[in-house]
Amino acid sequence: MLRAWGAPPRLMRHAALVSEVALELGRGLEALGCALDLAWTARAAAWHDAGKTWHPEELDAPGSLHEARGESELLARGVSPALARICRSHADRALARRDEELVVCCADALWKGKRDPAREADLINRVAESASLDRWDAMLGCDDLFEAIAAGADARLARS
């Protein structure tokens, strides 16, 4: 869909890299006992910034106009409301209803090596609940995973 809409190559590459990290993170969380829909996660990661096709100025500068625009464009093309919501929930964790949305939210920072304690804490809490783990055990497993993914940022940035 991004290609059909005329998304800039930079946005297409970002979508691919965030999807790659979201899947790596999702697989790691599954190994901890968290059940995830990885196909849904990959689609959500690919479309999380779709609205930047219409707001390319937000590729280089902060902005949130792309969030509502991306959601409305996806909805107009028949994408489910739960999936289209990723355009807003990747930036506003309070909107995330699915664990997969928090995976995308974290992946959007981790792909470039950025650790975001608030995003990570939300995901750790969900993992502890979903996998019936003690929060401390979930935090230890997740932190190792976050750190390993963040460590690969230089190689990903070289491909961006």
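Predicted model only: the values in this text are computed from it and were never measured.

*Asks:* What should I look at first to understand the overall build of the protein chain in this one?
*Replies:* A tally of regular secondary structure across the protein chain gives 10 helices and zero strands. Put simply, the protein chain runs from its N terminus to its C terminus through helices and strands in the order α-α-α-α-α-α-α-α-α-α. Here the C-alpha radius of gyration of the protein chain, 15 Å, is about what a compact globule of 160 residues would show, namely 15 Å. In terms of overall dimensions, the protein chain has C-alpha extents of about 45 × 35 × 25 Å along its principal axes. The buried share of the protein chain, reckoned over its 160 residues, is 49%. For the protein chain, the proportion of contacts with a sequence separation of at least 24, taken over those separated by at least 6, is 61%. Accessible surface, the protein chain: about 7,400 Å² in total, of which carbon and sulfur atoms supply 53%.

*Asks:* What is the right way to look at unusual backbone geometry in this model?
*Replies:* The phi angle of most residues is negative, glycine excepted, and most peptide bonds adopt the trans form. For S132, which is not a glycine, the phi torsion comes out positive at approximately 55°. On the secondary structure map, S132 appears in the loop between α8 (117-130) and α9 (135-151). On the basis of relative accessible area, S132 is assigned to the exposed category, the value being 68%.

*Asks:* What am I meant to see in the pattern of salt bridges here?
*Replies:* Where charged atoms from two side chains of opposite charge come close, those side chains can pair. Here the structure, examined in full by the defined rule, presents 14 salt bridges. For R93, the salt bridge is made with D122, and the minimal N-O distance between the two is 2.5 Å. Highlighted residues: R93 in the loop between α6 (86-89) and α7 (99-110) and D122 in helix α8, separated in sequence by 29 residues. Residue R93 is classed as partly exposed on the basis of its relative accessible area of 29%. Judged by its relative accessible area of 27%, D122 falls in the partly exposed class. Residues R115 and D143 are paired through a salt bridge, measuring 2.5 Å at the closest nitrogen-oxygen approach. One end of the pair, R115, is in the loop between α7 and α8; the other, D143, is in helix α9, with 28 residues separating them in the sequence.

*Asks:* Honestly, the packing of aromatic side chains in this entry has me stumped. Any pointers?
*Replies:* One pair of aromatic rings is described through two measures. These are the centre distance and the angle between the planes. Counting across every chain of the model gives one aromatic pair. The ring of W40 has R98 lying over it, and the distance from NZ or CZ to the ring centre is 4.1 Å.

*Asks:* Whenever I open this one, the confidence of the model for the protein chain confuses me. Can you help?
*Replies:* The predicted structure's coordinates, where accompanied by low pLDDT, should not be read in detail. On average, the protein chain scores 96 in pLDDT, and the residues at 70 or more come to 100%. Mean pLDDT per element in the protein chain: helix α1 (residues 2-5) is the minimum at 90, and helix α3 (residues 38-47) is the maximum at 98.

*Asks:* Which parts of the structure should I look at to understand the nonpolar core?
*Replies:* In globular proteins that are soluble, nonpolar side chains generally tend to be buried together. Core analysis: the biggest nonpolar cluster contains 46 residues, and L25, L29, L110 and L123 have the highest contact counts within it. Taken together, the elements giving at least two residues each to this core come down to α1, α2 (9-31), α3, α5 (81-84), α6, α7, α8 and α9.

*Asks:* Looking at this structure, I do not really get the packing of α2 against α9. What am I missing?
*Replies:* Pairs of packed helices are described in terms of their axes, by the angle between the two and the distance that separates them. With their axes 10 Å apart at the nearest point, α2 and α9 run at an angle of 155° to one another. Our classification of the angle between α2 and α9 gives roughly antiparallel. The element α2 and its partner α9 pack so that their crossing is right-handed. Residue-level contacts link V21, E24, L25, G28 and L29 of α2 to C142, L145, F146 and I149 of α9. Of the residues in the contact of α2 with α9, the class split is seven nonpolar, one polar and one charged.

*Asks:* Got a minute to help me understand α7 in this structure?
*Replies:* For α7, spanning 12 residues, the distance from its first C-alpha to its last is 16 Å, which sits close to the expected 16 Å at 1.5 Å a residue. Within α7, 12 of the 12 residues are buried, which leaves it mostly tucked inside the rest of the structure. Along α7, the positions that sit buried rather than exposed are D99, E100, E101, L102, V103, V104, C105, C106, A107, D108, A109 and L110. On the buried face of α7, the contacting elements are α2, α3, α6, α8, α9 and α10 (153-159).

Cut-offs and rules
- Residues numbered from 1 in each chain as written.
- Predicted model: local features only at pLDDT ≥ 70, side-chain atom pairs only at ≥ 80, totals over all residues.
- Heavy atoms only, no water.
- Helix = DSSP H or I, 4+ residues; strand = E, 2+ residues; numbered from the N terminus.
- Rg over C-alpha atoms; globule rule 2.2 N^0.38 Å.
- Buried < 20%, exposed > 50% of the residue type's maximum accessible area, 1.4 Å probe, protein only.
- Contact = heavy atoms within 4.5 Å.
- Areas by Shrake-Rupley, 256 points an atom, 1.4 Å probe, with all protein chains shown as cover.
- Salt bridge = Lys/Arg side-chain N within 4 Å of Asp/Glu carboxyl O.
- Phe/Tyr/Trp six-rings, centres within 6.5 Å; stacked < 30°, edge-to-face > 60°.
- Lys NZ or Arg CZ within 6 Å of the ring centre and 35° of its normal.
- pLDDT = per-residue confidence, 0-100.
- Core = buried A, V, L, I, M, F, W, Y, C linked by side-chain atoms within 4.5 Å.
- Axes fitted to C-alpha atoms, helices over the stretch in contact; angles between N-to-C directions.
- Parallel < 35°, antiparallel > 145°, perpendicular 65-115°, else oblique.
- Left-handed = near helix turned anticlockwise from the far one by under 90°.
- Nonpolar A, V, L, I, M, F, W, Y, C, P; charged D, E, K, R; others polar.
- Expected span 1.5 Å × (residues − 1).

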